[in-house]
Amino acid sequence: MTSIRKMTLEDIDEVMEVERASFAVPWTEGTFRQEVEDNPYAHYYVIEKDDHVVGYCGLWLVIDEAHVTNIAIHPEARGNKFGEQLFKHSCDEAIQHGAIQLSLEVRVSNTAAQHMYRKFGLVPGGIRKRYYTDNGEDALVMWVGLK
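Sequence order sets the numbering: in each chain, residues are counted from 1 along the sequence as written. Only residues with pLDDT of at least 70 are given local features in this predicted model, and only at 80 or more are side-chain atom pairs given and counted; all residues enter the totals for whole chains, interfaces and linings. Excluded from the side-chain calculations are hydrogens and water; all other atoms, namely the structure's heavy atoms, are used.

Engineer: Would you mind showing me how to read the packing of helix α1 (residues 12–22) against helix α2 (residues 29–38) here?
Structural biologist: Helix packing for two helices is described by the angle between their axes and how far apart those axes are. Packing of α1 against α2 brings their axes to within 10 Å, and their N-to-C directions diverge by 125 degrees. The angle between α1 and α2 places the two elements in the oblique class. Of the two possible hands of crossing, α1 and α2 adopt the one that is right-handed. When α1 is examined against α2, the residues I12, D13, V15, M16 and E19 are found in contact with a partner set consisting of E29, F32 and R33. Residues of the contact of α1 with α2, tallied by class, amount to four nonpolar, no polar and four charged. Only the stretch in contact is used when fitting a helix axis, every axis being a line fitted to C-alpha atoms; angles between N-to-C directions are given from 0 to 180 degrees. The way it works is that DSSP assigns letters per residue, a run of H or I at least four long becomes a helix, a run of E at least two long becomes a strand, and they are numbered from the N terminus. Each angle gets one of four labels, with under 35 degrees taken as roughly parallel, over 145 as roughly antiparallel, 65 to 115 as roughly perpendicular, and the rest as oblique. It is the rotation of the near helix from the far one that decides the hand of a crossing: anticlockwise by less than a right angle makes it left-handed, clockwise makes it right-handed. Working rule for contacts: check all heavy atoms of both residues, and any pair within 4.5 Å makes them a contact. Just so you know the grouping, Ala, Val, Leu, Ile, Met, Phe, Trp, Tyr, Cys and Pro go in nonpolar, Asp, Glu, Lys and Arg go in charged, and all remaining residues, Gly too, go in polar.

Here you go:
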């Protein structure tokens, strides 16, 4: 059984497991704490399976724009459509908060994620050169209108 809900401070240990397993340069626990506690624009959600966090998604909502800060599913939980469920939930939340467009950056090499985003109507909008600090890879900027 899966469920999706707002991230709490109590989730950060499990979120860090997902983060470290997913990214070469993971965010710190402090960054997540700051996002959840102190950033009025931040909205973070977790997806759980059997009461364990298997993924998370973060959004910044500013006026009528949503920006995905990060999304990750633990490698052991991938292939179960958890990313799609979580992304859909996050988009729905953005709409509920008045967002009319959503953007994100994705590695140019991450064609699996790009394919999923295209299912939700996102289209390429540009390239951020050498965006990723771990290897200097470019990011593809993707956008979608939400209404």
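Still more ground to cover, so stick around.
Engineer: Looking at this structure, how should I read the nonpolar core?
Structural biologist: The nonpolar side chains of a soluble globular protein tend to be buried, and buried together. Counting 28 residues, the largest nonpolar core has V68, F87, L102, L104, Y117 and L122 as its most contacted members. Those elements that place two or more of their residues in this core are β2 (42–49), β3 (52–62), β4 (65–73), α3 (82–96), β5 (101–107), α4 (111–119) and β7 (139–145). Among the elements that make up this core, the one with the highest residue count is α3 (five residues). Beyond its immediate stretch of four places on either side in the chain, Y117 contacts I71, F87, L104, V106, L122 and M142. Note on terminology: a nonpolar core comprises buried Ala, Val, Leu, Ile, Met, Phe, Trp, Tyr and Cys residues joined through side-chain atoms within 4.5 Å. Accessibility here uses a 1.4 Å probe with only protein chains present; expressed as a share of the type maximum, an area under 20% marks a residue as buried, one over 50% as exposed, and anything in between as partly exposed.

Engineer: What is the right way to read α3 from this model?
Structural biologist: For an α-helix the count is 3.6 residues per turn, leaving residues at separations of three or four pointing the same way. In this model, α3 (15 residues) spans 21 Å end to end at C-alpha, consistent with the 21 Å of a helix rising 1.5 Å per residue. Listed as buried for α3 are F82, G83, L86, F87, S90, C91 and A94. Taken end-on, α3 shows its buried residues confined to a sector of 160 degrees, consistent with a single buried face. Elements that come into contact with the buried residues of α3 comprise β1 (2–6), β2, β3, β4, β5 and α4. Within two residues after α3, G98 carries a phi angle of roughly 95 degrees, on the positive side. A helix is expected to span 1.5 Å multiplied by its residue count minus one. Think of it as the arc spanned by the lines of direction from the helix axis to the C-beta atoms.

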